[in-house]
Amino acid sequence: MEITMLNPNVDLQKFIEKFEPRKFKIIKNGVEIRGIVDLHKGIAEAKALIDRFQLKLVVSHTAEMLSYRGFEVNYMVG
């Protein structure tokens, strides 16, 4: 799936190409991934992918995101 943004982030594009989420939404600081059946496994895989490719991204998850079985992958600040 191709991302179209004004200033595309190479790390975020690479993450989406490798992770291949079925449902995602581009947000201000990254991307929100939804509809993950095994949320714990999905978050672990996302973190492993970020580490493996040394991407400048960070996984974020809150209790509110449980309702749509999702998490965020955001640009690393700093």
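The following refers to the structure shown. These figures come from a predicted structure and were not determined experimentally.

**Regarding the layout of surface pockets**
Moving on, step 1. One number sums up the size of the largest pocket: a volume of about 280 Å³.
Moving on, step 2. Lining the largest pocket are 13 residues, and of these Phe19, Arg22, Gly35, Ile36 and Val37 lie nearest its centre.
Moving on, step 3. For the lining of the largest pocket, the leading source of residues is helix H2 (residues 39-52), giving three residues.

**Focus: the sheet that holds strand E4 (residues 71-75)**
Moving on, step 1. Strand order in the open sheet made by the four strands is E1-E2-E4-E3, with antiparallel pairing throughout. With partners counted over all chains shown, the strands left at the sheet margins are strand E1 (23-27) and strand E3 (57-60), one partner each. Sheet twist, expressed as the mean angle between neighbouring strand axes with direction ignored, is 20°.
Moving on, step 2. Two strands pair when backbone bridges link them, and E1 and strand E2 (residues 30-34) are joined in this way by five bridges, in the antiparallel orientation. Opposite isoleucine 27, over in E2, you have glycine 30 as the bridge partner.
Moving on, step 3. Contacts from helix H1 (residues 10-19) reach E1, E2, E3 and E4 within the one sheet, and its direction differs from that of E2 by about 20°.

What counts, and where the lines are drawn
- Residues numbered from 1 in each chain as written.
- Predicted model: local features only at pLDDT ≥ 70, side-chain atom pairs only at ≥ 80, totals over all residues.
- Heavy atoms only, no water.
- 1 Å grid on protein atoms, 1.4 Å probe; cavity = no way out; pocket = protein on both sides within 12 Å on 5 of 7 lines; lining within 4 Å.
- Points joined across faces, edges and corners; volume = space filled by probe spheres on them.
- Helix = DSSP H or I, 4+ residues; strand = E, 2+ residues; numbered from the N terminus.
- Pairing = 2+ DSSP bridges.
- Axes fitted to C-alpha atoms, helices over the stretch in contact; angles between N-to-C directions.
- Contact = heavy atoms within 4.5 Å.

No statement about biological role is implied by the geometric values presented.
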